[in-house]
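Descriptive structure summary
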Amino acid sequence: MGITSSRTADPSQEHADLKWLGDRFPFGDSELRQLYRAYQRLLLSSSKNNLAQEQQPQQQQSSSSSSSSSFLQDWVVECLIMIKEGESLSSRGFAPVTAAAAADDESSIQALQDERRALIQIMEEYILDGTHVGNTLYQVACVIPGDVGGSIYPTTTTTSTSSSQDQAQPQPQPQPVDEYTRKARLERLFEGLSNMGRRGAKHALTVLFDAVYHQQQQEQQQQQSSSSSSSTSHNPLDPPPRSIPPGPFVELGYRLALATGFMQAIQAIEKKKQHQQQQQSEVEAVDNDDSNDEMDLVTIASKQVLKQFTPKLATKSLKKNRDTNNIDMGLAPMVHSLTQQTKTRLNREGILTQNQKEWNDTDPATVELTDVLEWSEAVAPLFASILPTFLFHILFWGRPFPPTRTSFEFPNHRPVLSGGSIGGGNTKDANGTSNGDNNKEQQNQKEDDDWLPSILDHRPRLFALACTSSALMGPYFRLYTSAADGLSFNRIMNALLGYSGPTLLLIRSLSGGEFGAFTSHTWKETKDFYGNSDCFLFQLYDSMAVYRPTGRAHNYMYCNSHARSKGYDQQAHGIGFGGTVQQPRLFIAENIMEQCQAASQDMTFENGALLPRNHISSSFSKHGSNLSNSSSGTRSSAASLSSSSSSASPGSSPKQFDIESMEIWGVGGQEIVQQALQERKKVREQRDETIRRCRKVDKAQFLDDFRSGAIASKAFAYRDQIDGRADQDVKDRNARQKSNFE
């Protein structure tokens, strides 16, 4: 966007520009018209601001320009008012801010503009850490490189020292441009918006990479200008100059994901508020003045919604949310996985052959764009959908995300499902209690879960999981947690058997590792493996890794209890993923306190460690490696697998671990979880009916059999069978004694 002229485009020029843009960029007609008119209004507004600044002193110019320049705020406001002639605000799906503004469409638009700007200001201050994030994205994507008059947004936060230096230097003034420059800037703007939102994963990741690189270059320029000595030593092992540190890149995606969740939560509240207002107008309920309708969205956002999306692991004061150490600590596993991708590339290119030992223990300081693209494809494929989703909510606030594209939704682990409890082993809803008892249990369970610790209490863990699969975005629903249900295999089986929805299994070992598995298949008890390719293993800490199916084998998931076969099947008894029926790769034993193991390789999933690098195994002498009743054969197979895994990858983690906590979550969305819970309820009802039939006795038939002598003849048939045997005289002697007594 540049400062071209103070006039807006006439209808003929607008029609020609829209036709020209429509042939080049992936936007619909209404979207192009909305973005084009917002662009023209911003051009007019920036021209007026420049004229006003020319008449002000130089000090006031620098302060006013640096305080009111925000790409995100301007575009969310200008795109809001692009309404067709004769179209009311309510027909576009926007809820009036106040009852008075609802009567006047113009005043309602102005109120919505102020409200949207205030919401974006809150988001930029507490989540994005300033306006420079949005301005930098605009600069690298939508401005022609070297175009002095093409940008009106500063990409750095001005300080007292830098502002004084900037005041001493003459600021470049935009010059009138010709038609070629006008169309070039217009094309660059829509090219950048397309790359950020409509051109796929590669273009979106490239914009994020360029934004971090641009910010890094500006920081280096500031450091060089402030320090007289700028001598730096160049390491020949460093990647080429166009590289970035991995930490700021992951943090940028994390902040944008939190900002996206913030906007989605606000829009959900707005839709709910609009629905309540429509119902109130239909019923004409005027006596509802003391409801939450008086609380505006800005107050709700600052008091309620913001606490869920501040980029800290734990925060008490929103003013102290810029703790980069906490952010880096939570995102360290993702950063480490990105640096591991760089190591893989450098090793593939033969750069690490001479200094292999040094790079095994340290991570590279920078990564290249190739590393980012390969890492996103292998580990975090949904990372690339963060920027398109974020930009869509900025430009088209309130509209549903197109179903043809994958949106990013920040996860939220909720313990209780609306309309039904989802507890693990002791849920009364699945056993058919009354609604009153069920509501009481839901309330008690929700109160308990407010203080129950969870592995997912750290938002970076949720963010990492959401980047691996679209099924792991959105709300999470608790099926089982060891904190609430105890480390009981019966509770785990009761929570899983019959559940038909996608499930996420999380384990935290005593050594500090966090890992688990995801599957979308229905759980059942059998001696064989089952499942589909929508299943993978993962590590969350101390590094992040995802091990997807290789296609060489199909041993996806396994659930076999000792009670099913009484141990005669000579197989492992418990829950497993990958490996074999005697030795699964990830195995939760039926005796959950012992014999749990995690191997580094198998034929079904990709190779890699699940346990942390500093894991100390609970050795074979402590628990033994016998997972089934065949001690010798299983022990030898376990030992061979351990030796093969250790030889395959140097420094791979030992296999056995002790569970500190374990959690199972239903994922995939509220509708999918509701349907899966209904299926599990049917399975439980069928099981209870079978047990009831086995226990039921036909008393009338039993009495008839007893009177007819059928039961007696069966019960005392042994008396007739011993006739003629040597000990028959006992019967005769007893009979004689009885007759003599009488």
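Located above this text is the structure these notes cover.
In what follows, the accompanying structure is described. (Residues numbered from 1 in each chain as written. Predicted model: local features only at pLDDT ≥ 70, side-chain atom pairs only at ≥ 80, totals over all residues. Heavy atoms only, no water.)

The helix and strand tally for the protein stands at 28 helices and eleven strands. By the burial criterion, 47% of the 742 residues in the protein qualify as buried. Partitioning the contacts of the protein with sequence separation of at least 6, the portion at a separation of at least 24 is 74%. As presented, the protein carries roughly 36900 Å² of accessible surface, and 49% of it is formed by carbon and sulfur atoms. (Helix = DSSP H or I, 4+ residues; strand = E, 2+ residues; numbered from the N terminus. Buried < 20%, exposed > 50% of the residue type's maximum accessible area, 1.4 Å probe, protein only. Contact = heavy atoms within 4.5 Å. Areas by Shrake-Rupley, 256 points an atom, 1.4 Å probe, with all protein chains shown as cover.)

With that settled, the discussion passes to the side chain of Arg508. Locating Arg508 in the fold gives a position in strand S3 (residues 503–509). A polar atom in the side chain of Arg508 sits 2.9 Å from the side chain of Glu514. For Arg508, the contacting residues outside a window of four places in its chain are Ile455, Gly513, Glu514, Asp658, Ile659, Glu660 and Ser661. (Polar contact = N/O pair within 3.5 Å; in protein donor to acceptor, adjacent residues only side chain to side chain.)

Right, let's get into the nonpolar core. Trp75, Met123, Phe249, Phe262, Phe383 and Phe463 are the most contacted members of the largest nonpolar core, which totals 110 residues. At twelve residues, helix H11 (residues 246–283) tops the list of elements feeding residues into this core. Dropping the residues within four chain positions of it, Phe249 is found in contact with Leu205, Leu208, Phe209, Val212, Ile244, Leu338, Val372, Trp375 and Phe383. Counting 39 residues, the second largest nonpolar core, distinct from the first, contains Phe489, Met493, Trp523 and Tyr530. (Core = buried A, V, L, I, M, F, W, Y, C linked by side-chain atoms within 4.5 Å.)

Turning our attention to the pattern of salt bridges. Inspection of every chain in the model, using the stated rule, returns 24 salt bridges. Measuring nitrogen to oxygen at the nearest pair gives 3.6 Å for the salt bridge that ties Arg478 to Asp485. Given a relative accessible area of 4%, Arg478 falls into the buried group. Classification of Asp485 as buried rests on a relative accessible area of 7%. Asp602 serves as the salt-bridge partner of Arg585, at 2.9 Å between the closest nitrogen and oxygen. (Salt bridge = Lys/Arg side-chain N within 4 Å of Asp/Glu carboxyl O.)

This paragraph deals with the environment of Glu368. When you line up the elements, Glu368 lands in the loop between helix H14 (356–361) and helix H15 (369–378). A residue is classified by how much of its surface remains accessible, and Glu368, at 14% relative accessible area, is buried. Between the alpha carbons of Glu368 and Pro245 there is a distance of 8.9 Å; along the sequence they are 123 residues apart.

Bringing the environment of Phe529 into the picture now. Turning to its location among the elements, Phe529 is positioned in the loop between strand S4 (514–519) and strand S5 (535–541). Residue classification places Phe529 among the buried residues on the basis of a relative accessible area of 16%. For the pair Phe529 and Cys559, spaced 30 residues apart in the sequence, the C-alpha separation amounts to 7.8 Å. Dropping the residues within four chain positions of it, Phe529 is found in contact with His554, Asn555, Tyr556, Met557, Tyr558, Gly578, Gly579, Thr580 and Val581.

What follows is about the sheet that holds strand S10 (residues 597–598). One open sheet holds the four strands; their spatial order is S7-S8-S9-S10, and the pairing between them is antiparallel. Each edge of the open sheet is held by one strand with a lone partner, namely strand S7 (557–560) and S10. Looking at chain direction, strand S9 (residues 586–589) and S10 are connected through two bridges and run antiparallel. Along S10, the bridge assignment pairs Phe587 with Gln597. (Pairing = 2+ DSSP bridges.)

For any two helices packed against each other, one specifies the inter-axial angle together with the distance between the axes. Contact pair helix H7 (residues 132–142) / helix H9 (residues 179–197): the axes reach a minimum separation of 8 Å and the direction vectors enclose 115°. In this view, H7 runs roughly perpendicular relative to H9, as classed from their interaxial angle. As for how H7 packs across H9, the hand of that crossing is right-handed. Contacts between H7 and H9 involve Leu137, Val140, Ala141 and Cys142 on the former and, on the latter, Arg188, Leu189, Gly192, Leu193 and Met196. Taken together, the residues of the contact of H7 with H9 sort by class into seven nonpolar, one polar and one charged. (Axes fitted to C-alpha atoms, helices over the stretch in contact; angles between N-to-C directions. Parallel < 35°, antiparallel > 145°, perpendicular 65-115°, else oblique. Left-handed = near helix turned anticlockwise from the far one by under 90°. Nonpolar A, V, L, I, M, F, W, Y, C, P; charged D, E, K, R; others polar.)

What follows is about the packing of aromatic side chains. Tallied over the full model, the rule gives 20 aromatic pairs. Relative to Phe577, the ring of Trp523 has its centre 6.0 Å away and its plane inclined at 90°; by these criteria the two rings are edge-to-face. With Trp523 in the loop between S4 and S5 and Phe577 in strand S8 (residues 574–577), this residue pair connects regions lying 54 residues apart in the sequence. Residue class for Trp523 comes out buried when judged on its relative accessible area of 3%. Assessed through its relative accessible area of 2%, Phe577 is described here as buried. The aromatic ring of Phe401 is capped on one face by Arg405, whose charged end is 5.3 Å from the ring centroid. Its guanidinium or amino end placed over the ring of Tyr530, Lys524 lies 5.2 Å from that ring's centre, counting from NZ or CZ. (Phe/Tyr/Trp six-rings, centres within 6.5 Å; stacked < 30°, edge-to-face > 60°. Lys NZ or Arg CZ within 6 Å of the ring centre and 35° of its normal.)

Backbone torsion omega between Tyr541 and Asp542 reads 20°, so that peptide bond is classified as cis. Turning to its location among the elements, Asp542 is positioned in the loop between S5 and strand S6 (545–547). Even without glycine at this site, Gln570 takes up a positive phi of about 55°. Within the fold, Gln570 resides in the loop between helix H21 (562–565) and S8.

None of this, on its own, says anything about what the molecule does.
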